[in-house]
Amino acid sequence: MQTTEVSKDQQDVLNAVESMTKSFNGKDIEGVMSSYQSGALVIFEPESPVTDTEQLRDMFLGAFSIDPIFEYPKGHEVFVNGDTATHIAPWVMNGTAPDGTKIQQSGLSIANLKKQVDGKWLLTFDNPHGNFLMNK
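Residues numbered from 1 in each chain as written. Predicted model: local features only at pLDDT ≥ 70, side-chain atom pairs only at ≥ 80, totals over all residues. Heavy atoms only, no water.

Focus: the pattern of salt bridges
Consideration 1: In the structure shown here, the tally under the stated rule is 6 salt bridges.
Consideration 2: Salt-bridge contacts for K136 lead to E47; the nearest nitrogen and oxygen are separated by 3.6 Å. Of this pair, K136 sits in the segment after β7 (121–127) while E47 sits in the loop between β1 (36–45) and β2 (48–50), and the two are 89 residues apart along the sequence. The same class applies to K136 as to E47, namely exposed.
Consideration 3: Across the salt bridge formed by K114 and D83, the nearest N and O atoms sit 2.7 Å from each other. Taken together, the positions of K114 in strand β6 (residues 102–115) and D83 in the loop between β4 (77–81) and β5 (84–96) put the pair 31 residues apart, joining distant regions of the chain.
Consideration 4: Taking the relative accessible area as the measure of exposure, K114 reaches 30% and is therefore partly exposed. (Salt bridge = Lys/Arg side-chain N within 4 Å of Asp/Glu carboxyl O. Helix = DSSP H or I, 4+ residues; strand = E, 2+ residues; numbered from the N terminus. Buried < 20%, exposed > 50% of the residue type's maximum accessible area, 1.4 Å probe, protein only.)

Here's what the structure looks like:
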């Protein structure tokens, strides 16, 4: 994040996003799924939202087949308002298709998180294609 002072909630949100990313990069499906609130909306492809838990699990498992590694080379912005937060970050993903073809993608992640009663932040909305309309 660009600010010099980061609140505890901002750091906790950033930690939640980084934990999900680490789980994704490590192909840890339980870690990924536990990063989301029940009923969370994820946009794996532009204009194709998914909320069904089993479909989300299958989509993530399918994505693992390209050995993806996500990074946020330009940093993060985190905005917290009470028990809700928005995380914004440009990302780069490098992977390898099952046939050995190198894959590189990039985009803008826009995610919303909600603070749970136990203090844990969970993703409620995850759109890694936040720049879709800009590129249309």
